[in-house]
Every structure is written in C-alpha cells, then in structure tokens.
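# Architecture and fold: a report
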Amino acid sequence: MTQPPKPPAREGRVSLWRYMRLFRQDILSAQPARLYRAWMAEFRTPFFRSYLCNQPELVDLVLKNRPDDFPKSDRVREGLTPLLGNSVFVTNGETWKRQRRIIDPAFEGGRLRDTFPAMLAAGQGAVARLAGHATGQPVEIEAETSHVAADVIFRTLFSIPIEDEIATRVFNEFREHQRTQPMLNLAAFLPLPRWFPRFHRAKTKATARTIRDLITRLTTRRMDEIAAGTAPDDLATKIMTTTDSETGDRFDTPEMVDQVAIFFLAGHETSASALAWALYLLAMHPDWQDRLAAEAQGVLTEGTMGFSDMGKLRVSRDVFRETLRLYPPVPMMVREAACPETFRDRAVPKGSQIVLSPWHQHRHERLWERPDDFDPARFATENGKTCLRNAYMPFSAGQRVCTGAGFAMIEGPLLLSMLVAAYRFDLVSERPAIPVAHLTVRGKDGIWLKVTPRD
C-alpha cells in the first residue's frame, strides 16, 4: 500500500526572500529534508536566529520544565491578531495564566460528559447531510468535516446548531478568512516597530472584523441571558460565569470575544483537518476502515450512545491518534528564549526563536519505527508507547497544552465512528490529497473521496 501523502522537503539552501515566499505558500515543503533526522537545527537570518528542536529532552525543557523562560513568540501573533485579538492562544505571562484559570474549569472531565449530547447531535446531523452526497461521486470531504466541526463548536459553546443564522454566517465568513490568511505575514520575519503597518490583506481584515462582530452579538446576548437567569448550561455560560480564583474577576464582553474566536479557530479548524485526514487514511487502508466500521456499528446499534460508551471505540481512538501523528493540525509552534541558553553545547542568544515541530518530531526517523507509515496498531508496541510519552504533541505539552485536548479526543473518535458506520469512503484516484500548511494542515486542492452508503 502506498504511504500516506507527504509534501516534498526542500533540498539545499535558499535565500531568505525565497524562503519567505516558500513559507507563505506552505511551511512544510519550505523546510529541508534533514529536519526529519536532526535533533536540532539552526537557521540564521539578518534579523533573528531560530532553532528547531526535535530532541525530546529539548522539547521537554521548553514546554514542561521551564515554560516561563520560553514564552510564545510574538512573531506568531503578527498574522493572527486581526481575528484573535488578545486571546489565550497568543498571550503570555500573567495575562495568559489569568485567562487559563477562567477557561480551564469549563473543560474538566465532568463538563466533557455534559457536552457529549451536543457532539452526538452534531454527528447525527453530519450523517444526515452526507446522505445527499453518498452517490459514489467525488465529494470534497474537508467541506463536510468543517461543517460538522463548526456544528459541534456552536452546539457545545452556545447551544445553537450550525443552522442558526449567526452560526451560519460565522462559518461562512471563517471559510473566506481562511482562504486569505497566510500562516505568517511580513512582520513575522522583520523586526518592525509597533507603530508600523502590519500589511494584513484587506480581505483578511474585513473577514476578521465581520467574524468578531458576529461573535460579539452572540456574547452580548449570552451576557443578557446570564443576567436574566435564562442562560443554558453550556461552555459559554460556564466560562462567562467563572471567576479568576486569584482576583475574582470575570471576562468582560471584549475579552470573551477574543476567547470565542480562538475556540472557533482551535476547536473547529483543527478538528475539521484531523477528521478529513482520518477519512482519507481509512480510504487508503480499507482493512482498517472495515475494522473501524464493525466496531462502530456494534457500539452505535447497542442502544442510545452515551459518554461511557466512548471507551469501547478503541479502534477509532487509535486511528484518530495515528492521524494526529501523521497530520498534526498545528504543525509548528514557536517560542522565544527569554534569556541566553545553551542547547546541545550551542549558544542560543536571548530573543532567539525556538521552533517545536510536531510535524517533524512525529515523523522523526530516529524516534519512530516506520515513521511515514499509517499503522494505528503501533501504539500497542514498545516503540509506540515510548514515543507516545516522549515524542507526541499534537496538542502541545506542559502548562500550555491545549485546554480542549480532552474535548478533541472525544469529538474526533465519535464523529469518525458515526460517519464510517454509515458510509464507505473510497479514494478518487485522479484527485490525490497533497498536504499543505497554512493555519492548519489541509489538502492543497481539498481532500476528495467517494462516499457510498454502507450495507
């Protein structure tokens, strides 16, 4: 069986300007092939140095052992500010810690159980919608997974389905925003002063402004419902009524808009990416698809699906976990050295950019056995178990681990099981998927599959 698609790596050196152009097109193919073997690599530009770290001990140092010494780089937020504002995704220090103290309680284990019916309803909606496309003709499956992932977010966050007028408009505007948004803009490469224009595309700013206006309407409406005592008990209500354990403060409306923007980006965009790639991998490996379908049909037909039944979806969990290894939705993370460091006997100056790449570490030739193969059974092997502990970070790690990681590991296997139980997914030979990374890892020209009802 052909290996899962992997973008070609850049061979040899290129100029900074050539690298910037390649990077804006796709951050994966802009990188050299040696990163799949190196423990660390240094990149120098006229304006800053960056160090990509793959060695597990270095990654742990940055993310787990001394995270406050390696704050999130401001270069990441340069391209995302129009949409995300001052959200938890881009903040650092005490601001970030305060935001997490308010947000984290909404995603604790008991709350995941409470959100499960909304996830299930979104999955049922996706199964029903896909019936209209299950004709054996090519279907752009990313559009379908984006739809259901957005439905999950709106149902769990605001107790409204994707068919709600505002939810539909946010979803449509976000798809347009995604098409206009490069991973990094020029200010990420050049040391520009704060007052200097950031060169965001006009369409990027316009779609971000529209999305934030719509989210403000939802948030203001919820504030009014909370004040009136009529608000539903969902994630938005939980977050907006939680006080900071140290200061007693709550999010005001502008702060909540920032957080909802990142919930939508992180909870919708990343889930849609992972689910689409999971279906593509199953189409490439029909034996695994049949195993997952048999498991899913057995669990889903036993009666009303409940949160406690998720433990029975072991094949689906491993397939989704392996998908996140091969196609981590956020392929690279950037931190900044707050003080001079020494990595592997090499001086790392203060202000250096520290790049941690799930994409390269998950496919690292010195860590994983058969790193480019799709094998959900690998996690039962000693190598798989070791790498799962030491070289697997689709949700980051340490204190900045994604607050929605547990949410995603319920949502992904559940939706995957529901879709594969109902339909068979086959490759479209003339339209192979080509991974590229912008905001997340997506198909360059979409991910196309043939969908037919499963007997």
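Residues numbered from 1 in each chain as written. Predicted model: local features only at pLDDT ≥ 70, side-chain atom pairs only at ≥ 80, totals over all residues. Heavy atoms only, no water.

## A word on the sheet that holds strand S2 (residues 49-53)
- Taken together, the 4 strands give an open sheet; going across it, the order is S1-S2-S7-S4, and neighbouring strands pair in mixed fashion. Only two strands of the sheet have a single partner each, and these edge strands are strand S1 (40-44) and strand S4 (333-336). Ignoring which end each strand starts from, the neighbouring axes of this sheet average 25° apart.
- Direction of pairing for S2 relative to strand S7 (residues 353-356): parallel, over a ladder of 4 bridges. What sits directly across from Leu 52, in S7, is Val 355. (Pairing = 2+ DSSP bridges. Helix = DSSP H or I, 4+ residues; strand = E, 2+ residues; numbered from the N terminus. Axes fitted to C-alpha atoms, helices over the stretch in contact; angles between N-to-C directions.)

## So, helix H7 (residues 141-158)
- Spanning 18 residues, H7 covers 26 Å between terminal C-alpha atoms, matching the ideal 26 Å at 1.5 Å per step.
- In terms of burial, H7 is largely enclosed, as 15 of its 18 residues are buried.
- Between a side-chain oxygen at the N-terminus of H7 and the backbone nitrogen of Glu 142 the separation is 3.0 Å; the capping residue is Glu 140.
- Looking one or two places after H7, you find Ser 159, whose phi comes out positive at around 60°. (Expected span 1.5 Å × (residues − 1). Buried < 20%, exposed > 50% of the residue type's maximum accessible area, 1.4 Å probe, protein only. Polar contact = N/O pair within 3.5 Å; in protein donor to acceptor, adjacent residues only side chain to side chain.)

## So, the pattern of salt bridges
- Applying the stated criterion to the full structure yields 30 salt bridges.
- A salt bridge links Glu 341 to Arg 66, with the nearest nitrogen and oxygen atoms 2.6 Å apart. Here Glu 341 is found in strand S5 (residues 341-343), whereas its partner Arg 66 is found in the loop between helix H2 (56-65) and helix H3 (74-77), with 275 residues between them in sequence.
- Between Arg 370 and Asp 375 there is a salt bridge, with its nearest N and O atoms 3.0 Å apart.
- The exposure class assigned to Arg 370 is partly exposed, which follows from its relative accessible area of 42%.
- Residues joined by salt bridges that share partners form a network here, namely Lys 6, Arg 363 and Asp 372. (Salt bridge = Lys/Arg side-chain N within 4 Å of Asp/Glu carboxyl O.)

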